[in-house]
Structure formats: C-alpha cells, structure tokens
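# Coordinates in review
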Amino acid sequence: MNNLFFKIKLLKRISILKSLYWSFKLFPWKSAIRIPLFVYPNTVIKVSGNFTLPTTTHDADIHTGMIRIGQPLTWLIDKKCSTYLDVAGNLTFKGNTIIGHGSRILVGRSGKLTIGEHFSVSGCLRICCEHNIAIGCNCMFSWDVSLLDTDYHPIVNQDGVVTNRPRPISIGNHVWIGCNNTILKGVSIADDIVVSSGNTIKTSLRKSNSIYGKKSDNITLLKESVTWSNQIFDR
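Residues numbered from 1 in each chain as written. Predicted model: local features only at pLDDT ≥ 70, side-chain atom pairs only at ≥ 80, totals over all residues. Heavy atoms only, no water.

## Concerning the sheet that holds strand E17 (residues 181-184)
Two strands in a sheet stick together by hydrogen bonds in their backbones, pointing the same way (parallel) or opposite ways (antiparallel). In spatial order, the strands read E2-E5-E8-E11-E14-E17-E20; together these 7 strands make up an open sheet with parallel pairing. Both outer strands of the open sheet, strand E2 (43-47) and strand E20 (200-201), are each paired with one neighbouring strand and no more. Two strands pair when backbone bridges link them, and strand E5 (residues 83-87) and strand E8 (residues 104-107) are joined in this way by 4 bridges, in the parallel orientation. Bridge pairing in E8 links Tyr84 to Arg104. (Pairing = 2+ DSSP bridges. Helix = DSSP H or I, 4+ residues; strand = E, 2+ residues; numbered from the N terminus.)

Written as structure tokens, this is what we have:
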C-alpha cells in the first residue's frame, strides 16, 4: 500500500504529457507503454542522437519511472530552475537514474555518455561530453558537480598542433562526489571513493575505499579503509 501511495505521489509531480511523449518517442512500444521515462516540469529535452537503454531488448527489465529527469530533490535549489538535456551524440542509461532539477547535460555529436545503474544527482549537474564520459553503477553526486571532457576552444602550438584535445573521463562504481566539484578531462576515479566538497579534480584518484579532498590547495588522500551507503537506492 505504501508503495502504491509513493507511485501516486510521483505521478502528481511529473509532467504526464512530456513523460508519455518522450517514452514513446525514444523506446519501442512494448517498453514505452510502461513509461520508463519520467520528465518533470521545467525540463527541456532535445534528442537528435541516440538515447538508449541496454535493457530495451528485455522488456521485463523495464519499469515505470526508471529514468527521472529534472526531479526536485533538495530545497537548496529553486524549484523553478530549468533542466536541459541535449543529446546530439550517444547517451546510454544502464538502469535506474535520478537527475535532479537545474541540471544541464550536453552530449555533442562525437560524444558518448554512459551512466550506470542506480545513479543519482541532487541537482545542478553540468556535463559537457564531446568525447567519452563513463559513470559506473551505484554512484551518487551532490549538487553543483561538473564534468567536462573538453576545453571546447583549441589551443595550438607554434607548429600548428592542437595541444588540448578532448580526453575521456571514467568514474568507477560506488563513487560519491560531494558538492561543488569539477572533474576535468583525462580523470579516472577508482571504485568505492568519496570526494569531499569544493575541488577541481585534474588528476586521477586511484585508491579505492578512500576519501579524497583538498589539502594545501591540492586534492589528496585524506582517509583510507572507508565505505559509504547510497541512501537513495539502498533504502
């Protein structure tokens, strides 16, 4: 009964017409009838590329509201903030995903963005993907997290060679990124890592079961032999 009331409450908050439209536009009929995509008010979606769920060939794995775009999750972000999802390249969701409101996700024509199962972000996520960004399973991002695999504007040396080409970003499984973090191109983050708030991450974080954070203006290993619980999907 509690589960039924929870679903009714969710349905009252979403944009029914947008959810129906995008579910049937993006997915096969047998999957779309289950309305796998919940689109919330103040959300704009543009898809000229590929928007896929690997499970679309297994209809039993598709369920209502498994992908939620623009869901209000925290009072710290104004509910009137718009959410934008623009996919010109390839976007793949591997399972349950919650993208909080105020987020901006841009996947360029040559970009490939993969988001693992049980991913959640509080809101105001910024992703600029022109090359390759992969986020593992069971990851949780706080608000104001940015991922950029490109500088957009090329820098050319005296020999005419571009020195700042796009580079991939890889985030492992069960990673918690705190608020106000920026993850730049070429960064790889290992499994089971917590990143404290307020960092610009330029180098890879390789030691699992650890907390990384700022110390003397550099991000460094702060604590080892730790883990964390994803309260959104673990409950």
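## Re unusual backbone geometry
Both trends apply: most residues other than glycine have a negative phi, and most peptide bonds are in trans. Its identity as a non-glycine residue notwithstanding, Ile35 has a phi of 50°, on the positive side. Relative to the assigned elements, Ile35 resides in the loop between helix H3 (29-32) and strand E1 (37-39). With a relative accessible area of 22%, Ile35 lands in the partly exposed category. Positive phi, close to 60°, is recorded for Asn180, a residue that is not glycine. Mapped onto the elements, Asn180 comes out in the loop between strand E16 (176-177) and E17. Owing to a relative accessible area of 41%, Asn180 belongs among the partly exposed residues under this scheme. (Buried < 20%, exposed > 50% of the residue type's maximum accessible area, 1.4 Å probe, protein only.)

## Description of the pattern of salt bridges
If you walk through the whole model with that rule in mind, you get 2 salt bridges. A salt bridge links Lys185 to Asp151; the shortest N-O distance between them is 2.9 Å. Taken together, the residues Lys185 in the loop between E17 and strand E18 (188-189) and Asp151 in the loop between strand E14 (145-148) and strand E15 (169-171) connect sequence positions 34 residues apart. What makes Lys185 buried here is its relative accessible area of 15%. Among the salt bridges present, the one from Glu224 reaches Lys207, with a minimum N-O distance of 3.4 Å. Of this pair, Glu224 sits in strand E22 (residues 218-224) while Lys207 is found in the loop between E20 and strand E21 (210-215), placing the two residues 17 residues apart along the sequence. Residue Lys207 is classed as partly exposed on the basis of its relative accessible area of 37%. (Salt bridge = Lys/Arg side-chain N within 4 Å of Asp/Glu carboxyl O.)

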